[in-house]
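What the coordinates show
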Amino acid sequence: MKKIMIVFGTRPEAVKMSPLILELKERRGIEVFVCLSGQHTDMTRSVLKEFGIDADIDLCIMKNGQTLFDITEAVLKSVGEVLKKNSPNVVLVHGDTTTAFATALSAYYCNIPVGHVEAGLRSGNIYEPFPEEFNRKAISLIAKYNFAPTINAIQMLKAEGVRDESLFLVGNTVVDAVKYSMNAKFTSPLLDLASNKACVFLTAHRRENLGAAMREMLMGVREAVDEISDLYVIYPVHPNPLVRSVAYEILGGHSRIILTEPLGVRETHNLIAKSRFIVTDSGGIQEEAVSLNKRVLVMRRVTERPEGIEAGFIKLVGTDREAVCLEICKAYSADFGSSQEVILNQKYNPFGDGNASKKIADVLEQKIV
Ligand code: UD1
Ligand code: UDP
């Protein structure tokens, strides 16, 4: 029996690892051990519940006001203990969170091979997104198996000297997750609203946007909603107190701006599908929106997902108040242009075909010893 340990701690990792966990559990000869760092608690657990997955261990490291120092230290030590006790054949981490980075470092210290899911994303700027760009680059130094979502990601890894035999082009498991969500019929009051009105789905939480940039961009959103009299905004607010306080101060009390607690992942995917377009600084939502044929205004200066720009779905608008307002107004009145038509007709998704989990499981079945 080959033992695969999967470690993660935040919502986006849970969304993108869940389809892979389900797939690996189907494979004979593989034992799957799911370890939650607990970097985030409720948001991660709620995703696992929707996918019907039970974690084998939850290290519950989250504390109020946690810093990058706190998370890194807690994950490095506590995951290290779990690794030593369980001695898996391989450890899988996802993307670029502090849990993923510290787990990879822990595994390296324990001399256990690391598989990196969603390897090779690069913005080219180590401070944007911060500290994710560093985290993913550091994991690439350690990983034995790099599961890259796109050809661009493969090229990024090659340019950094990652050897060909450790590279596997598999697509992004987020497309598998979107397929999972959209397969089941789902209804909710917010979905009814998005089905009947012109709605924008909004999220904003990035660490490098906290403070002045967050205020600016949310004021830009409010101005746009004031300008467009039939536009609604649905914004599930990230629980980070530094996000919540600004979100409620700037967007609270508006009759067409709905601020909610974080939503379940199936409701989120369905809302993206029903929205007119998306405004976000999230990473994963860029891929989900493209997978659901939606335009995305990205409130960042750089993106590590150029495939979405090339496909004509993603537009970088920065965090400037006037720019955010202007771009929302333009997107609201836009005829969505020819690039989207082309993609729809060819049924082509630059982020994958929804079979990434299968491809990763195939590689692991063949390669791990
Ligand atoms: C982390 C990831 C980011 C991902 C995001 C998803 C890193 C470096 N960043 O960012 O890539 O997009 O998760 O959500 O790992 N907090 C709460 N309640 C919660 C979650 C967080 O109060 O449920 C607070 C924390 O205590 C902390 C702050 O929010 O004070 C930030 O949390 P942290 O885990 O450091 O990073 P995120 O900004 O959430
Ligand atoms: N998401 C969710 N509920 C919400 C908001 C987002 O389930 O209220 C999901 C979303 O569909 C995506 C993931 O959370 O799969 C993105 O997480 P986030 O934006 O926090 O992190 P990032 O992708 O930027 O790292």
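Report follows, based on the coordinates. Since this is a predicted model, take the numbers as computed values, not measurements.

A look at the overall build of the protein chain
Within the protein chain one finds 16 helices and 13 strands. Here the C-alpha atoms of the protein chain give a radius of gyration of 20 Å, agreeing with the 21 Å that 2.2 N^0.38 yields for 369 residues. Principal-axis analysis of the C-alpha atoms gives the protein chain an extent of 60 × 45 × 40 Å. Split into buried and exposed, the 369 residues of the protein chain put 58% on the buried side. Put simply, of all contacts in the protein chain between residues at least 6 apart along the chain, 68% involve residues at least 24 apart.

Topic: the sheet that holds strand 8 (residues 198-203)
Pairing in this open sheet of six strands is parallel, and the strands run 10-9-8-11-12-13 from one edge to the other. With partners counted over all chains shown, the strands left at the sheet margins are strand 10 (257-260) and strand 13 (314-316), one partner each. Adjacent strand axes in the sheet meet at a mean angle of 20 degrees when their direction is disregarded. Sheet topology places strand 11 (residues 277-280) next to strand 12 (residues 296-298); three bridges connect them, and they run parallel. Paired with Ile278 across the strands is Val296, a residue of strand 12.

Overview of the pattern of salt bridges
Under the criterion given, the structure shown has 29 salt bridges. Note that Asp96 and Arg136 form a salt bridge whose closest N and O atoms lie 2.8 Å from each other. With a gap of 40 residues between them, Asp96 in the loop between strand 4 (90-94) and helix 4 (98-109) and Arg136 in helix 5 (residues 132-142) connect regions that are remote in the sequence. Assigned by exposure class, Asp96 and Arg136 land together as buried. Lys359 is paired through a salt bridge with Asp353; the nearest N and O atoms lie 3.2 Å apart. Judged by its relative accessible area of 43%, Asp353 falls in the partly exposed class. Put simply, Lys16, Asp96, Glu118, Glu133, Arg136, Glu287, Arg300, Glu304 and Arg305 are held in one network by salt bridges that share partners.

Notes on the packing of aromatic side chains
As enumerated under the stated definition, the model contains six aromatic pairs in all. Between Tyr127 and Phe130, the ring centres sit 6.3 Å apart and the planes meet at 15 degrees, which makes this aromatic pair stacked. Relative accessible area serves as the criterion here: at 57%, Tyr127 is assigned to the exposed category. Their ring planes at 40 degrees and their centres at 6.5 Å tell us that Tyr145 and Phe168 sit as a pair that is tilted. Placement of Tyr145 in strand 6 (residues 145-148) and of Phe168 in strand 7 (residues 167-169) is noted, with a sequence separation of 23 residues between them. A network of ring pairs unites the aromatic residues Tyr145, Phe147 and Phe168 as a single cluster.

Details of helix 4
Compared with the 16 Å implied by 1.5 Å per residue over twelve residues, the 16 Å span of helix 4 between its first and last C-alpha is a close match. Where burial is concerned, most of helix 4 is hidden: ten out of the twelve residues are buried. Where helix 4 is concerned, the buried positions are Thr98, Thr99, Ala100, Phe101, Ala102, Thr103, Ala104, Leu105, Ser106 and Ala107. Those residues of helix 4 that are buried lie in contact with strand 1 (2-8), helix 1 (11-26), helix 3 (68-86), strand 4, strand 5 (114-117) and helix 5. For helix 4, the side-chain oxygen to backbone nitrogen distance between the N-cap and Thr99 is 3.4 Å, and the N-cap itself is Thr97. Downstream of helix 4 by one or two residues, Asn111 has phi in the positive range, about 60 degrees.

A word on the packing of helix 7 (residues 173-183) against helix 11 (residues 265-274)
Packing of helix 7 against helix 11 brings their axes to within 9 Å, and their N-to-C directions diverge by 90 degrees. As far as their axial angle goes, helix 11 and helix 7 are roughly perpendicular. Along the contact surface, helix 7 presents Ala177, Val178, Ser181 and Met182, while helix 11 presents Val265, Arg266, His269, Asn270 and Ala273.

A short note on the site of ligand 2
The environment of ligand 2 is formed by 17 residues, the closest being Leu263, Ser282, Gly283, Gly284 and Glu288. The backbone of Gly284 places a nitrogen or oxygen atom 2.7 Å from an oxygen atom of ligand 2. Look at ligand 2: alone it shows 540 Å² of surface, and the protein chains cover 94% of it. Listed by contribution, the elements that provide at least two residues to the shell around ligand 2 are helix 1, helix 11 and helix 12 (284-291). Tallied by class, the residues present in the shell around ligand 2 amount to seven nonpolar, seven polar and three charged.

Section: the sheet that holds strand 1
Pairing is parallel across the open sheet formed by seven strands, whose spatial order is 3-2-1-4-5-6-7. In this open sheet, the two edge strands, each paired with only one partner strand, are strand 3 (57-58) and strand 7. The strands touched by helix 1 are strand 1, strand 2 (30-36), strand 4 and strand 5; relative to strand 1, the strand with the most contacts, the crossing angle is about 165 degrees. On top of the sheet, helix 3 reaches strand 1, strand 2, strand 3 and strand 4; it is set at about 170 degrees to strand 1, its chief contact.

Describing the site of ligand 1
Residues in contact with ligand 1 amount to 22 residues; listed here are only the nearest, Gln39, His40, Glu132, His205 and Arg207. Here an oxygen atom of ligand 1 and a backbone polar atom of Thr98 are 2.9 Å apart. A distance of 2.6 Å is found between an oxygen atom of ligand 1 and a side-chain nitrogen or oxygen belonging to Glu132. Tallied by class, the residues present in the shell around ligand 1 amount to eight nonpolar, ten polar and four charged.

A closer look at the environment of Ala361
Topologically, Ala361 is positioned in helix 16 (residues 356-367). The class of Ala361 is buried, set by a relative accessible area of 0%. Remark: the alpha-carbon pair of Ala361 and Lys330, spanning 31 residues in sequence, is separated by 43 Å.

Quick notes on the rules
- Residues numbered from 1 in each chain as written.
- Chains lettered and ligands numbered in written order.
- Predicted model: local features only at pLDDT ≥ 70, side-chain atom pairs only at ≥ 80, totals over all residues.
- Heavy atoms only, no water.
- Helix = DSSP H or I, 4+ residues; strand = E, 2+ residues; numbered from the N terminus.
- Rg over C-alpha atoms; globule rule 2.2 N^0.38 Å.
- Buried < 20%, exposed > 50% of the residue type's maximum accessible area, 1.4 Å probe, protein only.
- Contact = heavy atoms within 4.5 Å.
- Pairing = 2+ DSSP bridges.
- Axes fitted to C-alpha atoms, helices over the stretch in contact; angles between N-to-C directions.
- Salt bridge = Lys/Arg side-chain N within 4 Å of Asp/Glu carboxyl O.
- Phe/Tyr/Trp six-rings, centres within 6.5 Å; stacked < 30°, edge-to-face > 60°.
- Expected span 1.5 Å × (residues − 1).
- Polar contact = N/O pair within 3.5 Å; in protein donor to acceptor, adjacent residues only side chain to side chain.
- Parallel < 35°, antiparallel > 145°, perpendicular 65-115°, else oblique.
- Near = heavy atom within 4 Å.
- Areas by Shrake-Rupley, 256 points an atom, 1.4 Å probe, with all protein chains shown as cover.
- Nonpolar A, V, L, I, M, F, W, Y, C, P; charged D, E, K, R; others polar.

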